Amino acid sequence: SCSIIESVLLENGFKVYNISPSAPTDSTIAYIKDTNPSLVLISVTLLDNMGSASRLVKKIGTYNNIPILIGGLAINNSSDIERNSVVSLNPNVKLILNSKLDELVKTIKDITKNNCRKEVELQT
């Protein structure tokens, strides 16, 4: 699904930086600093990876004031308590729950409309 999102964003004029899910947090933070995207998208597929995603969200917040959208199967299947714990780590986090592709693109356009650079980092 991340490849589909990437393709749709590219078709809509966004520049997308796609980072491997195995990239260490410090490498991801360095990459964000280097590319300075308009927002970061994080997809979490497995519930076991919620802790890693939470640590990444928290660490991004300590270095940058960038909007973060986080979604995926694990977010959809997690409890309200788990979701709230992720959101509470960084005030710039917005959860994407069971969103249709056109709704996601609209959300991304709304977030980046005041930024002339339409650059998005996608971490799967």
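Attention now moves to the overall build of the protein chain. Along the protein chain, the regular secondary structure elements total six helices and five strands. Taken from the N to the C terminus, the helices and strands of the protein chain come in the order α-β-α-β-α-β-α-α-β-α-β. On C-alpha atoms alone, the protein chain measures out to a radius of gyration of 13 Å, which is about the 14 Å that the 2.2 N^0.38 rule sets for 124 residues. With the C-alpha coordinates of the protein chain rotated into their principal frame, the extents come out at 35 × 30 × 25 Å. In the protein chain, which comprises 124 residues, the proportion classed as buried is 41%. Put simply, 79% of the contacts in the protein chain that link residues at least 6 apart link residues at least 24 apart.

This part takes up helix α3 (residues 50-63). For the α-helix, the turn length of 3.6 residues means that residues three or four positions removed from each other point alike. Between its terminal C-alpha atoms α3 stretches 20 Å, which fits the 20 Å expected from 14 residues at 1.5 Å a residue. All of the buried residues in α3 are Met50, Ala53, Ser54, Leu56, Val57 and Ile60. Taken around the axis of α3, the buried residues stretch over an arc of 160°, which confines them to a single face. Summarising the geometry of α3, the exposed residues directed more than 90 degrees from the buried face are Arg55 and Thr62.

Right, let's talk about the pairing of strand β2 (residues 39-43) for a bit. In terms of burial, β2 is a largely internal element, five of the five residues being buried. Side-chain alternation along β2 places Leu39, Leu41 and Ser43 on one buried face and Val40 and Ile42 on a second face that is also buried.

The rules behind each value
- Residues numbered from 1 in each chain as written.
- Predicted model: local features only at pLDDT ≥ 70, side-chain atom pairs only at ≥ 80, totals over all residues.
- Heavy atoms only, no water.
- Helix = DSSP H or I, 4+ residues; strand = E, 2+ residues; numbered from the N terminus.
- Rg over C-alpha atoms; globule rule 2.2 N^0.38 Å.
- Buried < 20%, exposed > 50% of the residue type's maximum accessible area, 1.4 Å probe, protein only.
- Contact = heavy atoms within 4.5 Å.
- Expected span 1.5 Å × (residues − 1).
- Arc of directions from axis to C-beta.

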